Amino acid sequence: MADREDFDLTVSLLCGLALYAHTPGADTEFVTAIGPALAASLPPGILPPGYDPTDGPDYPGQER
């Protein structure tokens, strides 16, 4: 599989995971475990240095 295809697949999986995370009854432990692993598989330089995917605004109904 070409590098671009790997990247596209990873981004697609991250998008699907983000949608799943916002569905009622989503398994938050699964999302918490898989999200960072998928993000870590992105090529270097895609995310800024020091980026923390868990840092962000609180949304109504969001558990922290």
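All of these numbers come straight from a predicted model, not from anything done at the bench.

Rules of the game
- Residues numbered from 1 in each chain as written.
- Predicted model: local features only at pLDDT ≥ 70, side-chain atom pairs only at ≥ 80, totals over all residues.
- Heavy atoms only, no water.
- Helix = DSSP H or I, 4+ residues; strand = E, 2+ residues; numbered from the N terminus.
- Buried < 20%, exposed > 50% of the residue type's maximum accessible area, 1.4 Å probe, protein only.
- Patch = residues over 30% accessible without salt bridge, like charges linked within 9 Å, V, L, I, M, F, W, Y side chains within 5 Å.
- Areas by Shrake-Rupley, 256 points an atom, 1.4 Å probe, with all protein chains shown as cover.
- Salt bridge = Lys/Arg side-chain N within 4 Å of Asp/Glu carboxyl O.
- Expected span 1.5 Å × (residues − 1).
- Contact = heavy atoms within 4.5 Å.
- Polar contact = N/O pair within 3.5 Å; in protein donor to acceptor, adjacent residues only side chain to side chain.

J.: Explanation requested: the side chain of threonine 10 in the structure shown.
T.: Assignment of secondary structure puts threonine 10 in helix 1 (residues 3–21). The exposure class of threonine 10 is buried, given its relative accessible area of 11%.

J.: I tried to follow a nonpolar patch on the surface on my own but got confused; where do I start?
T.: The grouping of Tyr20, Phe30 and Ile34 at the surface amounts to a nonpolar patch, some 240 Å² of accessible area in total. Locating isoleucine 34 in the fold gives a position in helix 2 (residues 28–40). Classification of isoleucine 34 by relative accessible area gives partly exposed; the value is 31%.

J.: How should helix 2 be read in this particular structure?
T.: For an α-helix, the turn length of 3.6 residues means that residues three or four places apart are oriented alike. Its 13 residues give helix 2 an end-to-end C-alpha distance of 18 Å, which sits within 8% of 18 Å, the value for a rise of 1.5 Å per residue. Regarding helix 2, the residues found buried are Val31, Gly35, Leu38 and Ala39. Buried residues belonging to helix 2 abut helix 1. Structurally, the start of helix 2 carries an N-cap: the backbone nitrogen of glutamate 29 is 3.1 Å from a side-chain oxygen of aspartate 27.

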